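If you want the building blocks of each chain, they are given just below.
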Amino acid sequence: MATKSCAWTGARTRGESSVPHRSGFFLLLCRFYLLPILKPVLYSLLFSCLLKEWISQFLNVCCLLMQDGKVIVWDAFTTNKEHAVTMPCTWVMACAYAPSGCAVACGGLDNKCSVYPLSLDKNENLAAKKKSVAMHTNYLSACSFTNSDMQILTSSGDGTCALWDVESGQLLQSFHGHAADVLCLDLAPSETGNTFVSGGCDKKANVWDMRSGQCIQSFETHESDINSVRYYPSGDAFASGSDDATCRLYDLRADREVAIYSKESIIFGVSSVDFSLSGRLLFGGYNDYTINVWDVLKGTRVSILFGHENRVSTLRVSPDGTAFCTGSWDHTLRIWA
Amino acid sequence: MCSSSNSIIQAQKLVDQLQIEAGMERFKISLTAADLVQYCQEHRRSDPLLTGISASSNPFKDKKTCVLL
């Protein structure tokens, strides 16, 4: 069991502008819990925490994925490790939590997406129960369960996305249209929604209909690879973060880009974006070790957050909106609340 | 010969895709942007990161002094 230590420091933010609204001012408190993970030095130099996902707000657990082949589930409050699964393939690039919380899907350079059931029995060998679901011809860049535990959506370096049935491993639908690797995807938030957006190395963000496999809309305004896409909470828009150091907001009903979040002083790419619960704030994790917080409606930067000692590789807001978590190449997960 | 028919097929697919996209109904941005703003305003109070929550109800705040292990 890796050691855990608990520490928090005072806020280290530099507010750029305030968001004037009726309550007066905007204040972001920054505290962070350090969750150090002890890993061999070789891996630590190359890769670190890649991805995490928040499970239901009641449990407040986050799932941590490390590129040296382990998937670890943390309890965000107590900082205890709940589960650890060792993947047979060392290069894991994507992970996802099942909506029921009973399984984890991960995949990476092995071109496959495998589903592992989670159990509270620590003695059980979780790796033995894995089920191989998806099969691509290139690395798996992202995966996500749809509304149920039964279907998984995957995106791959072979330029396609695919929808799979978990039980049978059968391909239900494939989505062709990207001209290069697909790096990220996000499902539309509504219960009945059956669209998703994907972003790729061809600088395009495509919106797809899951039932027909058709590309409904396509947006090509970024100047470099799109690393992360995230739907606006209402589902009518989505934001994307790219290696061109900008985040952009696209409105789906107007079918156009409506905002660019950039500054001349920001020259490093965005690895990950997420919205706050109301959609007013957009958090972006950047390769220059910082997190920039943007006012979605005004297009201005609200705050810049420091704390990581290497590039921020992933960022996710908790489902209840009280905090967001960032993972970085400095081997730490930080929770900002 | 084969490559030219391939590129014709590809071009045809592209044209079909563009026609589908062109046939999509688009709303004016003045209306959709107003909807986005309205969504933000409606959910402003339920957003803890925006309006802040009291320390007692913040689950991430330490309740007692921290011990370094």
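Naming follows an unreviewed UniProt entry, where chain B appears as Guanine nucleotide-binding protein subunit gamma of Xiphophorus maculatus. Quoted straight from UniProt, the Sequence similarities (unreviewed entry) entry for chain B says "Belongs to the G protein gamma family." Turning to chain B, the UniProt annotation filed under Subunit (unreviewed entry) states: "G proteins are composed of 3 units; alpha, beta and gamma."

By the naming in an unreviewed UniProt entry, chain A is Guanine nucleotide binding protein (G protein), beta 5a, taken from Xiphophorus maculatus.

Here's the deal with the overall build of chain A
From N to C terminus, chain A includes 1 helix and 28 strands. Counting all 337 residues of chain A, 59% fall into the buried class. A total accessible area of about 13000 Å² is found for chain A, and carbon and sulfur atoms account for 53% of it.

What about the UniProt feature "repeat: WD" (unreviewed entry) in chain A?
Residues and elements named next belong to chain A. According to UniProt, the positions carrying the feature "repeat: WD" (unreviewed entry) are residues 133–174, 175–218, 219–260, 270–304 and 305–337. This span, residues 133–174, is 0% helix and 60% strand, and a straight line between its end C-alpha atoms measures 14 Å. Secondary structure content for residues 219–260 is 0% helix and 55% strand, while the C-alpha to C-alpha distance between its ends is 13 Å.

Focus on the pattern of salt bridges
Residue and element names in this part refer to chain A. By the definition in use, this model includes 11 salt bridges over all chains. Here Glu223 ties to Arg248 by a salt bridge, and the two come within 3.9 Å at their closest N and O atoms. Taken as a pair, Glu223 in the loop between β17 (215–219) and β18 (226–231) and Arg248 in strand β20 (residues 247–251) lie far apart in primary sequence, 25 residues in all. Arg230 is the salt-bridge partner of Asp274, the closest N and O atoms lying 3.4 Å from each other. Taken together, the residues span a long stretch of sequence, with Asp274 in strand β22 (residues 270–275) and Arg230 in strand β18 at a distance of 44 residues. Taken as a pair, Asp274 and Arg230 share a single burial class, namely buried. Several salt bridges converge on common partners, so that one network encompasses Glu223, Asp244, Arg248 and Glu257.

Topic: the layout of surface pockets
Quantified by volume, the second largest pocket comes out at close to 610 Å³. Around the second largest pocket, the lining comprises 24 residues; the ones closest to its centre are A:His176, A:Gly177, A:Lys204, B:Leu14 and B:Gln17. Among the elements of the structure, β13 (171–176), β16 (205–209) and β17 of chain A together with α1 (2–22) of chain B are those that each provide at least two residues to the lining of the second largest pocket. Ranked by residues supplied to the lining of the second largest pocket, first place goes to α1(B) with 8 residues. Counted by class, the lining of the second largest pocket contains 6 nonpolar, 13 polar and 5 charged residues.

A short note on the sheet that holds strand β14 (residues 182–187) of chain A
Residue and element names in this part refer to chain A. One open sheet holds the 4 strands; their spatial order is β14-β15-β16-β17, and the pairing between them is antiparallel. Bordering the open sheet on either side are β14 and β17, each of which pairs with just one other strand. Geometrically, the sheet is characterised by an average inter-axis angle of 20 degrees between neighbouring strands, direction not taken into account. The pairing of strand β15 (residues 195–200) with β16 spans 5 bridges and is antiparallel. Considered in β16, the bridge of Gly199 is made with Ala205.

A short note on the packing of aromatic side chains
All names here are of chain A. Here the structure, examined in full by the defined rule, presents 12 aromatic pairs over all chains. Between Phe238 and Tyr250 the ring centres are 5.1 Å apart and the planes differ by 25 degrees, which places this aromatic pair in the stacked class. Highlighted residues: Phe238 in strand β19 (residues 237–242) and Tyr250 in strand β20, separated in sequence by 12 residues. For Phe238, a relative accessible area of 0% corresponds to the buried category. When its relative accessible area of 0% is taken as the criterion, Tyr250 is described as buried. Judged by centre distance (5.9 Å) and plane angle (50 degrees), the ring pair of Tyr261 and Trp294 falls under tilted.

Definitions and limits used
Residues numbered from 1 in each chain as written. Chains lettered and ligands numbered in written order. Predicted model: local features only at pLDDT ≥ 70, side-chain atom pairs only at ≥ 80, totals over all residues. Heavy atoms only, no water. UniProt positions renumbered as here; feature names shortened; annotations may be inferred. Helix = DSSP H or I, 4+ residues; strand = E, 2+ residues; numbered from the N terminus. Buried < 20%, exposed > 50% of the residue type's maximum accessible area, 1.4 Å probe, protein only. Areas by Shrake-Rupley, 256 points an atom, 1.4 Å probe, with all protein chains shown as cover. Salt bridge = Lys/Arg side-chain N within 4 Å of Asp/Glu carboxyl O. 1 Å grid on protein atoms, 1.4 Å probe; cavity = no way out; pocket = protein on both sides within 12 Å on 5 of 7 lines; lining within 4 Å. Points joined across faces, edges and corners; volume = space filled by probe spheres on them. Nonpolar A, V, L, I, M, F, W, Y, C, P; charged D, E, K, R; others polar. Pairing = 2+ DSSP bridges. Axes fitted to C-alpha atoms, helices over the stretch in contact; angles between N-to-C directions. Phe/Tyr/Trp six-rings, centres within 6.5 Å; stacked < 30°, edge-to-face > 60°.

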